[in-house]
Amino acid sequence: WCDVARRPGGGGSSGGGASSGGGGPRSLSGLMNQNAITAGPGAGANAGNSFAEGKGDGYTWSQNDEEVELRFPVSSGTKAKYVKVNFGRSKLKVTVAGQTLLNGSLGGVVAVDDSTFTIEDANSGTGKELCVTLGKKEGNTWPFVIQSELPTTTIS
């Protein structure tokens, strides 16, 4: 996905968002869904790939053997200059407009140079999403995506 995102019109952080072919998959989720539709479960070259997805506190995530993708809903006026993502080998911190959305230890080692973020139209069709893509250093399924270090708020 990173290779596609870095091409002109490939949906990378250089702008555009959609692939130049129009209607092609723009994210890891899109690529995985396309592969699932094309190959079907347990078919062909994708038979050995593990894939998982789930929800965290304020985000959704998905992973395959090469990447982890986290998606955060953001306001429609969010621009890249408001976003700060600190990619570490084993930690991640995501901040938008001064508010920390995620801060914690990752379930595996990240290839920092293969990690990026984009702001895209939400899959739901309304609003925008911040999509953080982490390239994995080792091709395997992480036992967890992130252990958050954000304090939990309790209302008494």
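Residues numbered from 1 in each chain as written. Predicted model: local features only at pLDDT ≥ 70, side-chain atom pairs only at ≥ 80, totals over all residues. Heavy atoms only, no water.

1. So, the environment of Thr78
The test is simple: Only DSSP runs of H or I reaching four residues or more are called helices, and only runs of E reaching two or more are called strands; each is numbered from the N terminus. Only protein chains enter the calculation, and the probe is 1.4 Å; a residue is then buried if its accessible area is under 20% of its type maximum, exposed if over 50%, and partly exposed in between. Contacts are assigned to residue pairs that have any heavy atoms within 4.5 Å of one another. In protein, a polar contact requires one atom able to donate a hydrogen and another able to accept it; more generally it is a pair of N or O atoms within 3.5 Å, and residues adjacent in sequence count only if both atoms are side-chain atoms.
Its location among the elements puts Thr78 in the loop between strand E3 (67-74) and strand E4 (83-87). The exposure class of Thr78 is buried, given its relative accessible area of 10%. Placed 19 residues apart in sequence, Thr78 and Ala97 show a C-alpha to C-alpha distance of 8.3 Å. Leaving out residues up to four positions away in the same chain, Thr78 has contacts with Val83, Val96 and Ile119. For Thr78, the side chain forms a polar contact with the main-chain oxygen of Ser75, separated by 2.9 Å.

2. Structural notes on the nonpolar core
Heads up, the rule is: What is meant by a nonpolar core is a set of buried Ala, Val, Leu, Ile, Met, Phe, Trp, Tyr and Cys residues, joined one to another through side-chain atoms within 4.5 Å.
Core analysis: the biggest nonpolar cluster contains 21 residues, and Leu70, Leu92, Leu130, Val132 and Leu134 have the highest contact counts within it. Broken down by secondary-structure element, the contributors of at least two residues to this core are strand E2 (59-63), E3, E4, strand E5 (91-96), strand E6 (99-106), strand E7 (110-121) and strand E8 (128-136). In contact with Leu130, other than residues within four places in its own chain, are Leu70, Arg71, Phe72, Val74, Val83, Val94, Val96, Phe117, Thr118 and Ile119.

3. Quick word on the confidence of the model for the protein chain
Convention followed: pLDDT runs from 0 to 100 and stands for how confident the predictor is about each residue.
Of all residues in the protein chain, 62% have pLDDT values of 70 or greater, and the mean over the chain is 74. pLDDT under 50 marks residues 11-50. Its contacts with residues more than four places away, or in other chains, come to 51 contacts.

4. Here we look at the pattern of salt bridges
What counts, and what does not: Definition used for salt bridges: Asp or Glu carboxyl oxygen within 4 Å of a side-chain nitrogen of Lys or Arg.
In the structure shown here, the tally under the stated rule is four salt bridges. Two residues, Arg71 and Glu120, come together in a salt bridge whose shortest N-O distance is 3.0 Å. Of this pair, Arg71 sits in strand E3 while Glu120 sits in strand E7, placing them 49 residues apart in sequence. Note that Lys128 and Asp121 form a salt bridge whose closest N and O atoms lie 3.8 Å from each other. The partly exposed category is assigned to Lys128, whose relative accessible area is 26%. The partly exposed category is assigned to Asp121, whose relative accessible area is 45%.

5. Side note on the sheet that holds strand E1 (residues 52-56)
Stated formally: The criterion for strand pairing is that DSSP finds at least two bridges linking the strands in question. Here, axes are lines fitted to C-alpha atoms. For helices the fit covers the stretch in contact, and angles between N-to-C directions go from 0 to 180 degrees.
Strand order in the open sheet made by the five strands is E1-E2-E3-E8-E7, with antiparallel pairing throughout. Sheet topology places E1 and E7 at the edges, where each strand pairs with a single neighbour. Adjacent strand axes in the sheet meet at a mean angle of 15 degrees when their direction is disregarded. With eight bridges connecting them, E7 and E8 associate as antiparallel partners. Opposite Glu120, over in E8, you have Glu129 as the bridge partner.

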